[in-house]
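For reference, the chains in residue letters:
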Amino acid sequence: MADRISGGAHEVSAVVAIEEEEIAPSGSDVPTPQERKMSWQNLRRHDSLYLESRKLHGRDHSEDDKKKWSVILQLAFQSIGVVYGDIGTSPLYVYAGIFPEGIKHEDDVLGAMSLIFYTLTLIPVIKYVFIVLRANDNGDGGTFALYSLICRYAKVGLIPNAEMEDGEVSNYQLNLPNRRQKRASRIQSALENSHFAKVALLFATMLGTAMVIGDGVLTPCISVLSAVGGITEATSAMTEGRIVWTSVVILVFLFMAQRLGTDKVGYTFAPIIFIWFAFIAAIGVYNFFKYDPTVIKALNPAYIIYYFQRNKKDAWISLGGVVLCITGAEALFADVGHFSVRSIQLSMSLVTYPALICVYAGQSSFLRKNSDLVSHTFYKSTPGSLYWPMFVVAVLASIIASQAMISGTFSIIQQSLSLGCFPRVKVVHTSAKHEGQVYVPEINYLLMLACVCVTLVFKNTTNIGNAYGIAVVFVMTLTSSFLVLIMVMIWKTHILLVITYVVIIGSVELVYLSSVLYKFDQGGYLPLAFAAVMMAIMYVWNSVFRKKYFYELNHKISPEMFNEMVSTTSFRRLPGMAFFYTELVQGIPPIIKHYVEHVPALQSVLVFVTIKSLPISKVPADERFLFRRVEAKEIDVFRCVVRYGYTEVRAEHELFEKILLERLEKFESDRRALCISDGRVEEDEEDGNGFGGAAEAWKQGVVHFIGETEVVAKPGAGFGDRIMINYAYNFLKRNLRQTDQVFEIPHKRMLKVGMTYEL
């Protein structure tokens, strides 16, 4: 069989499924020997699922528009319980955040209402609902979705594990316009040729991830504190200390319940959030007509100008409170994968947005007549007969809002693992029915500890609101930055539209960012400090992860060297099959040489297994396994690359070993069929590489080899590298899960092979 030189290793590929038209030309019943030879030469470079990937397709979210309206409406209703808890509970604390020192002029309320109205319209509705949702990655959203789109279009990954076959995965391809290619090509070339640009993109992705995790800490604190604080309207016995400790108890209960799973969030809690929106909308309309309907004048943006003319610097500072009305807007994009673009657009446009406008208008009308009650606007503006029902629903809604952000944090951690940007933690799928519902035990307890500490230290929503605003606006600004790059390079949007987006939306977000950063010393440092810690952890892990990969890549074993090792008189061929897990997608890892030098024996069938993440959200199950045969003597050696999307992990219930064997047998069977058609069977059998040995070897026993590598800084390394590798990385590695715990490898059939890498 012909050689395939790939990264220094001679590997052979075969096709799993061969359609007749791929071999025989039109009008011919039986291919000639020359035609068979040409067919072999044309097909041998493709991966084992080449033809399957052409016939099978992943989830096509472009079909959402074709769904029945009943299904879309059902999804829209379910999304209310997952997506809008955070932004929906913002009326609890927005006006208190805008006017922490009280209202100085009655028309300031009109200016604040105008700011709220246009901010809600511009950011959540125009930006996210009608623009950003278009940038979904096969239906999934979030910072990683944007980064994955860029990675698929331009070669900006820092680890060279991309393969030609990856582009053949059915949902990998991008549907690109063919206009404005020149500008897009220049930007693509600049990204691919700049190491700084690649690092900057990864850094921005990690920063966005850290900020979202910070959001997951602050949302439960501010939501629960705001809701529980409403009890002071009913009794003066609830002091600030009691409110704080009640909130802590609720938070602890909330985090302890995470292990039960979050798969029913959208279905169980959607009615509660819907009732919440109905209540706040009705109360808002009631207050609007009861107190001062003239607040409708706030639709005139001139009141924003008047507001800034009167208050100048104080008006700019108050923007940090205005931005709280759009907390959770990022969830519109991040959670789209659980529903659909159309359902999110409908639920936002028909339920969430109108309800929020009504409640803020009602609160504005109330404050026009009761400006001294701004610190407790929400509960003070609630009619007395509705106080207790509203209090109960508010507490439940705040818990649901917290639940949604906690679940989102778990998903973010899962995606970080796929890029090698986060230390190994256990990701548990809590639902076999609903995709994306995961639980990360270590992160759950760290979040709980952080939430309890923040609540006990800050005690009120004002300082937490200052911190909250920074996390929110930072993530929005990063999303806009990625989106502009996607507009120019992938969508090839007209330059005037790109400039319009930057001038209007980009400039508004930068103004808000400048305002929230002003409150750095009033609690704003919290998300930045938290993000700095998370970034340090992610940077250390990712840097050493890449150094390890390049070490293995530079020290990989060639097939000739491998054949020389197994051809010695002392080498023994054992019955059975061995799976050897490695990060490399090409070539034989150096640890195999280390093993054979000390234990000169290997199983008769050796499979190098690489679990690799592609820059797409999901990989169709039938396109997950990519096989090649490595030319070796004495034993049968195969390369298996198992490809997952960044939102997927291998669940415990998957019979991974059995599925891998079935695919390997199919690979051998189809390779045999191709060789028979080409008249090469005898040649392969003479080389000792016969067919059908995998099934027999599996019956004789399977062993899983795990490379347990220790890393140390090489002699002469800089002080920073020594600290990062010898101390920081190894500290994280010792205190987190090992490879076998992450992959759920059976301990009775597992062997660990130790080796030290000098990086």
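Everything numeric in this text was worked out from a predicted model, so none of it was measured. Throughout, a residue's number is its position along its own chain's written sequence, starting from 1. Per-residue local features of the predicted model are confined to residues with pLDDT of at least 70, and side-chain atom pairs are confined, for both listing and counting, to 80 or more; whole-chain, interface and lining totals are unaffected and use all residues. Values shown for side chains rest on all heavy atoms present in the structure; no hydrogens or waters enter the calculation.

A. Region of interest: the overall build of the chain. A run of DSSP states H or I qualifies as a helix once it reaches four residues; a run of E qualifies as a strand once it reaches two. Both are numbered from the N-terminal end. Scanning the chain from terminus to terminus reveals 30 helices and ten strands. Only protein chains enter the area calculation, which uses a 1.4 Å probe; residues under 20% of their type maximum are buried, those over 50% are exposed, and those in between are partly exposed. The 759 residues of the chain split such that 58% are buried. Contact between two residues is taken to exist if any of their heavy atoms lie within 4.5 Å; hydrogens are not considered. Within the chain, contacts between residues at least 6 apart in sequence are counted, and of these 84% link residues at least 24 apart.

B. Representation of the packing of helix α14 (residues 302–311) against helix α15 (residues 313–322). Lines fitted to C-alpha atoms define the axes, with helix axes restricted to the stretch in contact, and inter-axis angles between N-to-C directions lie between 0 and 180 degrees. At a minimum axis distance of 5 Å, the contact between α14 and α15 shows a crossing angle of 120 degrees. The angle between α14 and α15 falls in the class oblique. Contact residues: α14 offers Y307, F308 and N311, while α15 offers K313, D314, A315, W316, S318 and L319. Residues of the contact of α14 with α15, tallied by class, amount to five nonpolar, two polar and two charged. Between 65 and 115 degrees an angle is taken as roughly perpendicular, under 35 as roughly parallel, over 145 as roughly antiparallel, and anywhere else as oblique. Residues were grouped as follows: Ala, Val, Leu, Ile, Met, Phe, Trp, Tyr, Cys and Pro as nonpolar; Asp, Glu, Lys and Arg as charged; and all remaining residues, including Gly, as polar.

C. How the structure looks around helix α19 (residues 387–418). Here the expected length of a helix is defined as 1.5 Å per residue gap, with one fewer gap than residues. Helix length check: α19, at 32 residues, gives a terminal C-alpha distance of 47 Å against a target of 46 Å (1.5 Å per residue), a fit within 8%. Within α19, 24 of the 32 residues are buried, leaving the element largely enclosed by the surrounding structure.

D. Representation of the environment of R368 in the model. Positionally, R368 belongs in helix α17 (residues 341–369). Judged by its relative accessible area of 16%, R368 is buried. C-alpha separation for the pair R368 and H105, spaced 263 residues apart in sequence, amounts to 9.6 Å. Those residues in contact with R368 that lie beyond four places of it in its chain are E106, D107, V109, L110, D292, T294, V295 and K297. Polar contact is defined as a pair of N or O atoms within 3.5 Å, subject to the rule that within protein one atom must be able to donate a hydrogen and the other to accept it, and that residues adjacent in sequence are counted only when both atoms are side-chain atoms. Among the polar contacts listed, one links the side chain of R368 to the backbone oxygen of E106, at a separation of 3.2 Å. Here D292 takes part through its side chain, which lies 2.9 Å from a polar atom of the side chain of R368.

E. Looking closely at the packing of aromatic side chains. Under the pairing criterion, centres of Phe, Tyr and Trp rings, with the six-membered ring standing for Trp, must be within 6.5 Å; the plane angle then separates stacked pairs below 30 degrees from edge-to-face pairs above 60, leaving the rest tilted. On inspection of all chains with the given rule, the structure shows 25 aromatic pairs. Between the aromatic rings of Y303 and Y306, the centroid separation amounts to 5.7 Å while the plane-to-plane angle is 80 degrees, which identifies the pairing as edge-to-face. With Y303 and Y306 both in helix α14, this residue pair falls three residues apart, about one helical turn. For the pair W388 and F391, a centre-to-centre distance of 5.8 Å together with 85 degrees between the ring planes defines the contact as edge-to-face. Remark: F391 and W388 occur in helix α19; sequence separation between them is three residues, near one turn of the helix. When its relative accessible area of 13% is taken as the criterion, F391 is described as buried. Within the aromatic cluster, the residues linked to one another by ring pairs are W276, F378, Y379, Y387, W388 and F391. Comment: the charge-over-ring label is applied if NZ (Lys) or CZ (Arg) is within 6 Å of the ring centre and within 35 degrees of the ring normal. Directly above the aromatic system of W491 lies the positively charged group of R134, at a separation of 4.4 Å from the ring centroid.

F. Looking closely at the state of the cysteines. Throughout, disulfides are identified as pairs of cysteine sulfur atoms within 2.5 Å of each other. Enumeration over the complete set of coordinates arrives at zero disulfides. Distance from the sulfur of C221, which forms no disulfide, to the nearest cysteine sulfur (C451) is 4.1 Å.

G. Inspection of the side chain of S347 at higher detail. Inspection of the secondary structure puts S347 in helix α17. A polar side-chain atom of S347 sits 2.7 Å from a polar atom in the side chain of Y84. Leaving out residues up to four positions away in the same chain, S347 has contacts with A76, S79, I80, Y84 and T352.

H. Inspection of the pairing of strand β6 (residues 601–613) at higher detail. Within β6, eleven of the 13 residues are buried, which leaves the element mostly enclosed by the surrounding structure. DSSP bridges decide pairing: two strands pair if at least two such bridges lie between them. Bridge count between strand β5 (residues 572–581) and β6: eight bridges; the pairing is parallel. Bridge pairing links M577 to V605 in β6.

I. Representation of the nonpolar core in the model. Of all hydrophobic cores here, the largest spans 169 residues; its most connected members are Y95, L120, W276, F277 and Y360. Of all the elements, helix α21 (residues 461–491) adds the most residues to this core, at 20 residues. When sequence neighbours within four positions are dropped, the list of residues in contact with Y95 reads V109, A112, M113, I116, Y360, Q363, S364, L367, V374 and T377. Counting 35 residues, the second largest nonpolar core, distinct from the first, contains A578, A713, A717 and Y757. Among the buried residues, those of types Ala, Val, Leu, Ile, Met, Phe, Trp, Tyr and Cys that are joined through side-chain atoms within 4.5 Å form a nonpolar core.

J. Spatial organisation of the packing of helix α4 (residues 69–83) against helix α13 (residues 270–290). Where α4 meets α13, the closest approach of the two axes is 7 Å, and the angle between their N-to-C directions is 85 degrees. The pairing of α4 with α13 is recorded here as roughly perpendicular in orientation. Contact residues: α4 offers F77, Q78, I80 and G81, while α13 offers A270, P271, I273, F274 and F277. By residue class, the composition of the contact of α4 with α13 is seven nonpolar, two polar and no charged.

K. The arrangement of a nonpolar patch on the surface in detail. A patch is a set of surface residues, each over 30% in relative accessible area and not in a salt bridge, joined within 9 Å for like charges and within 5 Å for the nonpolar side chains Val, Leu, Ile, Met, Phe, Trp and Tyr. Where accessible areas are quoted, they stem from the Shrake-Rupley method and a 1.4 Å probe; at the residue level, only the protein chains shown are allowed to cover. We define a salt bridge as a contact between a side-chain nitrogen of Lys or Arg and a carboxyl oxygen of Asp or Glu at a distance within 4 Å. Residues I495, L496, I499, V503 and I504 make up a contiguous nonpolar surface patch of about 440 Å² in total accessible area. Residue placement: L496 occurs in helix α22 (residues 495–518). By relative accessible area, L496 is classed as exposed at 55%.

L. How the structure looks around the environment of A190. Along the chain, the position of A190 falls in helix α9 (residues 181–192). For A190, a relative accessible area of 46% corresponds to the partly exposed category. Separated by 36 residues in the primary sequence, A190 and A154 place their C-alpha atoms 9.6 Å from one another.

M. Broad picture of the pattern of salt bridges. Per the counting criterion, the structure on display carries eight salt bridges. With a closest N to O distance of 3.0 Å, R368 and D107 form a salt bridge. Taken together, the residues span a long stretch of sequence, with R368 in helix α17 and D107 in the loop between α6 (94–98) and α7 (108–129) at a distance of 261 residues. Between E509 and K127 there is a salt bridge, with the nearest N and O atoms lying 2.5 Å from each other. In this pair, E509 is assigned in helix α22 and K127 in helix α7, connecting sequence segments 382 residues apart. Comparing E509 with K127 shows no difference in burial state: the two are buried. Among the charged side chains, a salt-bridge network with shared partners connects D107, D292 and R368.

N. Structural view of the environment of G81. Inspection of the secondary structure puts G81 in helix α4. On a C-alpha basis, the gap between G81 and P271 in space is 7.2 Å, while along the polypeptide they are 190 residues apart.

O. Focus on helix α25 (residues 591–598). Of the residues making up α25, those classed as buried are I591, I592, Y595 and V596. Summarising the axial view, the buried residues of α25 lie within an arc of 135 degrees, below the 170-degree limit, and thus occupy one face. Exposed and oriented more than 90 degrees from the buried face of α25 are E597 and H598. Note that the arc is defined by the directions from the helix axis to the C-beta atoms.

P. Structural context of the confidence of the model for the chain. pLDDT is a residue-level measure of predictor confidence that goes from 0 to 100. The predicted model of the chain has a mean per-residue pLDDT of 78, with 81% of residues at 70 or higher. Low pLDDT, under 50, characterises residues 1–67; the predicted model gives this stretch 131 contacts beyond four residues in sequence or across chains. Note that pLDDT drops below 50 for residues 682–691; the model gives that stretch 21 contacts with residues more than four away or on any other chain.

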